[in-house]
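Commentary on secondary and tertiary structure
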Amino acid sequence: MSNSLLTPSIIAKEALMQLENTMVAANLVHRALEGEYSTPVNGNRVGATVSIRKPVRYTVRDGAVAVAQDTTEGMTSITVDKQKGIDLQFSSTDLTLTIESFGERYLKPAMSQLANQVDTDLLSLYKDVPNWVGTPGQNIDSWADFSKAPERMDEMAMPISDRKAILSPADYWGTTGSLTALFAGGGKTAETALRKAQLGEMADVDTYKAQNIRTHTSGTRDETTPLIRGAGQGRTYGPGTVNATDFVDGTSGALVKDAVGTRQTLSTDGWDASVTLTQGDIFTIAGVFAVNPVSKATLPFLRQFVVTANVTANANAANETLITVSPAMIVSGAYQTVSALPADDAVIVPLGAASGGFRQNLFFVKQAFGLVMVPMELPEGAVRAARESYEGLSVRVIPYYDGTNDISNWRFDILYGVKTLYPELAVRASGTA
């Protein structure tokens, strides 16, 4: 029987298939951006960016008198800044295998690690999401728990189409167990939950399980009562009064329409010295309610704010602690986010226990998060290098030989970028006590 030596091209094709089969989050987020990248002759390089249009928002006029509003699209961008790879060594004997044996023994474990890394980077974007339902630390183990997230999505006017959920194993199996009693007379929901352990689509949400769900560790905080330091912290805009300079986000320097989620620096006090807030922590402020982003109607729950950068409480004489949060507080106009600006000494209530570790189940509309994976360049000095791409996924394979030891070294590389595009289109979810 003649030998069947594996070529870099064959290995690249098999690696690409294994990579695709092991991804979870990467297959559920917005992927229609790869074509926006300019492609040099030899592929894409680290640092390439693509700009993304954000939808315009308007306000409704009251009465017959026209009030013209500017139509200015917002922009954000994704930078391809994550090059990940795995490097393997094969003997000549190893390479004289069928692709099935080679894929199962070598490529599947390697590509599984790369896929896990992509999913981990995507699921780590939870830190940008200000909406969180349930009680941190509690598992989702009932239909009532599960439904809290789609309920919040409805309240916040998130599109019904392309709703996804990724749950930790504990929350996935807790939800599955709670459904076995539904439609006990032979209903399909109970059958799939009990026999096949599949949740599928429930309440317009396509539900998946992932071991890579992140755990958020909250800041140390304290038992004191943190307060807003000074009234009027926020922005007031009305139809006909808005111009580009009004929309500058004080933290990032970007226009509010361009800043992801928009950010604002809040002046606070009442914290003990040296306590911390961690990026991704969430809190509410007394008297500051959420609003429906379309109708601008005040909703029956407080607006949640996410901390966008780690903070250590200030121990100076003034005892002022500045906290960068998202979204910015805007009380009127097309970009309104809150019912009212906080009063001086309004009480701040952090969500979850201090120093707690909480699983970050995510419910989201597909467009909330973006992934771009692009073909890497094939270096001119590389011999027999190969690159395979399929439906937005791309793997590069470059072999190089160690003649002394008869060893073939193979490097597998992927190049991608991830970003939260619309944090307002996602919800973190826990169970209830």
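Residues numbered from 1 in each chain as written. Predicted model: local features only at pLDDT ≥ 70, side-chain atom pairs only at ≥ 80, totals over all residues. Heavy atoms only, no water.

Looking only at helices and strands, the chain has 6 helices and 23 strands in total. Expressed as a percentage of the 433 residues in the chain, the buried residues total 47%. Counting only contacts in the chain whose residues sit at least 6 apart along the sequence, the fraction spanning at least 24 positions is 77%. Carbon and sulfur atoms form 50% of the exposed surface of the chain, whose accessible area is close to 19,600 Å². (Helix = DSSP H or I, 4+ residues; strand = E, 2+ residues; numbered from the N terminus. Buried < 20%, exposed > 50% of the residue type's maximum accessible area, 1.4 Å probe, protein only. Contact = heavy atoms within 4.5 Å. Areas by Shrake-Rupley, 256 points an atom, 1.4 Å probe, with all protein chains shown as cover.)

One key point about sheets: their strands pair by backbone hydrogen bonds, in either a parallel or an antiparallel sense. Taken together, the 6 strands give an open sheet; going across it, the order is β9-β10-β15-β13-β12-β16, and neighbouring strands pair in antiparallel fashion. Two strands bound the open sheet, and with one partner strand each, they are β9 (227–228) and β16 (348–350). Sheet analysis places strand β10 (residues 264–269) next to strand β15 (residues 321–326), joined by 5 bridges and oriented antiparallel. Bridge pairing in β15 places L266 opposite I323. (Pairing = 2+ DSSP bridges.)

Here the bond from S326 into P327 is cis, since omega is 0°, no more than 30 degrees from zero. By secondary structure assignment, the location of P327 is in the loop between β15 and β16. Positioned with a positive phi, A157 is a non-glycine residue whose angle comes to about 60°. The topology assignment puts A157 in the loop between α4 (143–155) and β5 (163–167). The class of A157 is partly exposed, set by a relative accessible area of 29%. With phi around 65°, D345 is a residue other than glycine that occupies positive phi space. Within the secondary structure, D345 is located in the loop between β15 and β16. Overall, the relative accessible area of 43% leaves D345 in the partly exposed class.

Another point: the packing of aromatic side chains. Following the criterion strictly, the structure yields 6 aromatic pairs and no others. When the ring of W132 is compared with that of F358, the centres are 6.2 Å apart and the planes differ by 70°; the resulting orientation is edge-to-face. Of this pair, W132 sits in strand β4 (residues 132–133) while F358 sits in strand β17 (residues 357–359), and the two are 226 residues apart along the sequence. Here the two residues W132 and F358 agree in accessibility, since each one is buried. One aromatic cluster is present, built from ring pairs that chain together W143, F146 and F363. One cation-aromatic arrangement involves K209 over Y172; the distance from NZ or CZ to the ring centre is 4.6 Å. (Phe/Tyr/Trp six-rings, centres within 6.5 Å; stacked < 30°, edge-to-face > 60°. Lys NZ or Arg CZ within 6 Å of the ring centre and 35° of its normal.)

Scored by pLDDT, the chain has a mean of 80; 76% of the residues are at 70 or more. With pLDDT under 50 throughout, residues 193–197 is counted as low confidence; its partners more than four residues away or in other chains account for 10 contacts. Scored below 50 in pLDDT, residues 237–254 shows 42 contacts in the model against residues more than four places distant or in partner chains. (pLDDT = per-residue confidence, 0-100.)

Remember that side chains alternate between the two faces of the sheet whenever the strand is regular. Along strand β22 (residues 407–420), 12 of the 14 residues are buried, which leaves the element largely enclosed by surrounding structure. Looking at chain direction, strand β3 (residues 82–91) and β22 are connected through 10 bridges and run antiparallel. Residue pairing across strands places I86 opposite F412, the latter belonging to β22. Bridge count between strand β19 (residues 369–374) and β22: 6 bridges; the pairing is antiparallel. Among the inter-strand pairings, L371 is bridged to a residue of β22, identified as V418. Sheet topology note: the strand β21 (residues 393–402)/β22 ladder contains 7 bridges and is antiparallel. Looking at the pairing, I398 lines up with R411 of β22. Where β21 folds back on β22, the antiparallel hairpin that results is connected by 4 residues, among which D406 adopts a positive phi of roughly 55°.

A word on the pattern of salt bridges. Applying the stated criterion to the full structure yields 4 salt bridges. Between R396 and D413 there is a salt bridge, and its shortest N-O distance comes to 3.4 Å. Taken together, the residues R396 in strand β21 and D413 in strand β22 connect sequence positions 17 residues apart. Here the two residues R396 and D413 agree in accessibility, since each one is buried. With a shortest N-O distance of 2.7 Å, R411 and D413 are connected by a salt bridge. By relative accessible area, R411 is classed as partly exposed at 29%. Members of the salt-bridge network, linked through shared partners, are R396, R411 and D413. (Salt bridge = Lys/Arg side-chain N within 4 Å of Asp/Glu carboxyl O.)

So, about the nonpolar core. Of all hydrophobic cores here, the largest spans 74 residues; its most connected members are L19, V118, L122, F363, F364, F369 and F412. Beyond its immediate sequence surroundings of up to four residues, V118 is in contact with M23, A26, L371, M373, I414 and Y416. (Core = buried A, V, L, I, M, F, W, Y, C linked by side-chain atoms within 4.5 Å.)

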